[in-house]
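# Working through the structure, step by step
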Amino acid sequence: AALIVNITLSQKIALQILHLNGLTHMLNHVRNHKDQILAKSIRNLSEWTIVLQKELFGIGNDITLPNSTGSFNLFFPEGLESYKKLRFWCDHVKDIVKLCTNCENQDLIVELLGILHNLSVLDLPSASSWHDVITSCMFHSFIEKLLLPCTSPPDIL
């Protein structure tokens, strides 16, 4: 189990997983089996994509990816436009939110919230905003429940 978590930290492997539609298969497994270890691996992929976006935007020069060569122009010759065309997360954002709101496993919720934290507007479905995602999935009600006193562990807050 730890192997999958560690290999998703590799820039080349993360890119292969995302290009080969591995994210879909991983999320299906998490949905069906509530696998928090695999969710951690997906969180690593989301971390890789947000850092990638920052580097393609030219911000956060002090941020580097684990095992990064720093040569993203090899994979994304058109910069941010190349990233937008790939749409790694757009088909999965609402599923992740729904999975999070219907989950009772606190450790899995931590990983799912971590994934959502690492996503940007570029990762949302076309013509969508975070407001659209939050309201369509009733995510605000879920967050309100988490914020009630004595209902959530500190890791979630």
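Residues numbered from 1 in each chain as written. Predicted model: local features only at pLDDT ≥ 70, side-chain atom pairs only at ≥ 80, totals over all residues. Heavy atoms only, no water.

### Comments concerning the packing of helix α2 (residues 11–19) against helix α4 (residues 36–57)
Note the following rule: To get an axis, a line is fitted to the C-alpha atoms, and for a helix only the part in contact is used. The angle between two axes follows their N-to-C directions and goes from 0 to 180 degrees. Secondary structure elements are taken from DSSP: a helix is a run of H or I of four residues or more, a strand is a run of E of two residues or more, and numbering for both begins at the N terminus. Put simply, angles under 35 degrees are roughly parallel, angles over 145 are roughly antiparallel, angles from 65 to 115 are roughly perpendicular, and the rest are oblique. In this analysis, two residues are considered to be in contact whenever any of their non-hydrogen atoms come within 4.5 Å of each other. All residues other than Ala, Val, Leu, Ile, Met, Phe, Trp, Tyr, Cys, Pro, Asp, Glu, Lys and Arg, Gly among them, are scored as polar; the first ten of these are nonpolar and the last four charged.
In contact at an axis separation of 10 Å, α2 and α4 are set at 105 degrees when each is read in the N-to-C sense. Comparing the axis directions of α2 and α4 gives the class roughly perpendicular. On the side of α2, the interface is formed by Gln 11, Ala 14, Leu 15, Ile 17 and Leu 18, while α4 contributes Leu 45, Trp 48 and Thr 49. Considering only residue class, the contact of α2 with α4 consists of six nonpolar, two polar and no charged.

### Here's the deal with the pattern of salt bridges
Condition: By definition, a salt bridge exists where a carboxyl oxygen of Asp or Glu is found within 4 Å of a side-chain nitrogen of Lys or Arg.
Counted by the stated rule, this structure contains two salt bridges. The partner of Glu 111 in a salt bridge is Arg 43, and the shortest N-O contact between them spans 3.3 Å. With Glu 111 in helix α7 (residues 106–117) and Arg 43 in helix α4, the pair connects residues that are 68 residues apart, well separated along the chain.

### Focus on the side chain of Glu 111
For clarity, the threshold we go by: Using a 1.4 Å probe on the protein chains alone, a residue whose accessible area is under 20% of its type maximum counts as buried, one over 50% counts as exposed, and one in between counts as partly exposed.
Residue class for Glu 111 comes out buried when judged on its relative accessible area of 13%. Setting aside residues no more than four positions away along its own chain, Glu 111 makes contact with Gln 36, Ala 39, Lys 40 and Arg 43.

### Here's the deal with the nonpolar core
Generally speaking, nonpolar side chains in soluble globular proteins are found buried as a group. This is how it is decided: To qualify as a nonpolar core, a set must consist of buried Ala, Val, Leu, Ile, Met, Phe, Trp, Tyr and Cys residues joined through side-chain atoms within 4.5 Å.
Counting 39 residues, the largest nonpolar core has Ile 42, Leu 45, Trp 89 and Leu 113 as its most contacted members. Among the elements of the structure, α2, α3 (22–33), α4, α6 (93–101), α7 and α9 (139–146) are those that each provide at least two residues to this core. Of the residues forming this core, the biggest block, seven residues, is contributed by α7. Leaving out residues up to four positions away in the same chain, Leu 45 has contacts with Thr 8, Ala 14, Ile 17, Leu 18, Leu 23, Met 26 and Trp 89.

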